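Coordinate analysis (summary)
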Amino acid sequence: MKRAFALPLLTLLLGSAACSRTQVVAEVTMVEDSIGQSIPLPEVPIQLLPYDRDAIFDSLEAAYGTPEPPIPPDLIAQRQQIVQAQQQQTELEARLQSLQDSLGVVAQRTQQMQEQDLLDTPEYREVFETFSRLEREVESVKQAVDSAQARVTALQQATMARADSLRAARDAWAEEAFRDFQQVADAKVEQRGVEPVADTTNTDGIAVFEVPEGQWWVYGRYALPYEELYWNEPIEVTGDSIHIELNEENAERRPVL
């Protein structure tokens, strides 16, 4: 009787081991410059891949022979100028809003004092001087906002046609060079015997997976103005749970046209 149960029991144990899975917690964060602290990034698609996608791309590019059309450094510099100009515009708009709010409060106080027949008092003259100063500042900042908007538009127009042309050339190159990517990736999935898994980060910037033990790659990307944060982090999945943080330090910053 003991020998009769030995094989089914061994099969059950092996099957249980083969099906055991480890929890992988991926946390995506980025430092918010305005507060100097890390904040979670929600709604970021994350995948756990049983293969190194970068290695596949590198091998296909090497086999293709013709290098990818590069993004010229001066175009990247022009894009950075746009980002800086947009930031300046945003700061000016915030300053304008603050001044307009203050002007509204002072205007209301001025009207109240007029209704109270306090025009000849030192207090009224002080409030009226504040109103006049704020009015001049509002007009000055309005002009600065208009100038900033014009500069952003001019910079964007100066790079738009060039960026569009280069993007088309790079897309055409990638379509040819990487045409076999999915076929190679599918072969690696079949070889490993495990499928990729995907999730999207929640409001806490966290995505949770359960996968078999072994070598995996955590893949994700997060769009920024004119560039992206790109992750393809290798991890060895063992034990009950693994936590990996994806942030600016372990991301590759890639220019985006």
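Use the structure listed above.
This section reports on the structure supplied with the text.

Scoring rules and cut-offs
- Residues numbered from 1 in each chain as written.
- Predicted model: local features only at pLDDT ≥ 70, side-chain atom pairs only at ≥ 80, totals over all residues.
- Heavy atoms only, no water.
- Salt bridge = Lys/Arg side-chain N within 4 Å of Asp/Glu carboxyl O.
- Buried < 20%, exposed > 50% of the residue type's maximum accessible area, 1.4 Å probe, protein only.
- Pairing = 2+ DSSP bridges.
- Helix = DSSP H or I, 4+ residues; strand = E, 2+ residues; numbered from the N terminus.
- Axes fitted to C-alpha atoms, helices over the stretch in contact; angles between N-to-C directions.
- Contact = heavy atoms within 4.5 Å.
- Parallel < 35°, antiparallel > 145°, perpendicular 65-115°, else oblique.
- Left-handed = near helix turned anticlockwise from the far one by under 90°.
- Nonpolar A, V, L, I, M, F, W, Y, C, P; charged D, E, K, R; others polar.
- Core = buried A, V, L, I, M, F, W, Y, C linked by side-chain atoms within 4.5 Å.

All told, the structure shown has 10 salt bridges when counted by the stated rule. The salt bridge partner of Arg221 is Glu228, with a shortest N-O separation of 2.8 Å. Given a relative accessible area of 12%, Glu228 falls into the buried group. The shortest N-O distance in the salt bridge between Glu227 and Arg253 comes to 2.5 Å.

Okay, the sheet that holds strand 4 (residues 197–200) next. Pairing within the open sheet is antiparallel, and its five strands lie in the order 4-3-6-7-9. Strand pairing shows two members of the sheet lacking a second neighbour, strand 4 and strand 9 (252–255), which therefore form its edges. Ignoring which end each strand starts from, the neighbouring axes of this sheet average 25 degrees apart. Here strand 6 (residues 214–224) pairs with strand 7 (residues 227–237) via 11 bridges, running antiparallel. The residue bridging Arg221 from the neighbouring strand is Tyr230, located in strand 7. Contacts between helix 2 (residues 53–64) and the sheet are confined to strand 3 (45–49), strand 6, strand 7 and strand 9, with strand 7 contributing the most and set at about 115 degrees to the helix.

For Asp117, which is not a glycine, the phi torsion comes out positive at approximately 60 degrees. Within the secondary structure, Asp117 sits in the loop between helix 3 (73–115) and helix 4 (122–177). Phi is positive for Tyr226, close to 70 degrees, though the residue is something other than glycine. Inspection of the secondary structure puts Tyr226 in the loop between strand 6 and strand 7. We classify Tyr226 as partly exposed; its relative accessible area is 24%.

With that settled, consider the packing of helix 2 against helix 5 (residues 181–192). As a packed pair, helix 2 and helix 5 sit with axes 10 Å apart at the nearest point and diverge in direction by 135 degrees. By the criterion of interaxial angle, the relationship of helix 2 to helix 5 is oblique. Once helix 2 is placed against helix 5, the crossing between them reads as right-handed. Facing Arg53, Ile56, Phe57 and Leu60 of helix 2, the residues of helix 5 in contact are Phe181, Val184, Ala185 and Lys188. When the residues that make up the contact of helix 2 with helix 5 are grouped by side-chain class, the tally is six nonpolar, no polar and two charged.

Core analysis: the biggest nonpolar cluster contains 22 residues, and Ile46 and Phe209 have the highest contact counts within it. Contributions of two or more residues to this core are made by strand 1 (22–32), strand 3, strand 5 (206–211), strand 6, strand 7 and strand 8 (241–246). Apart from the residues lying within four places of it in its own chain, the contact partners of Phe209 are Thr22, Gln23, Val24, Ala26, Ile46, Leu48, Val197, Ala198 and Asp199. One finds Ile56, Trp173, Ala185 and Val189 within the second-largest nonpolar core, a separate group that totals 13 residues.

Keep in mind these numbers describe shape, not what the thing actually does.
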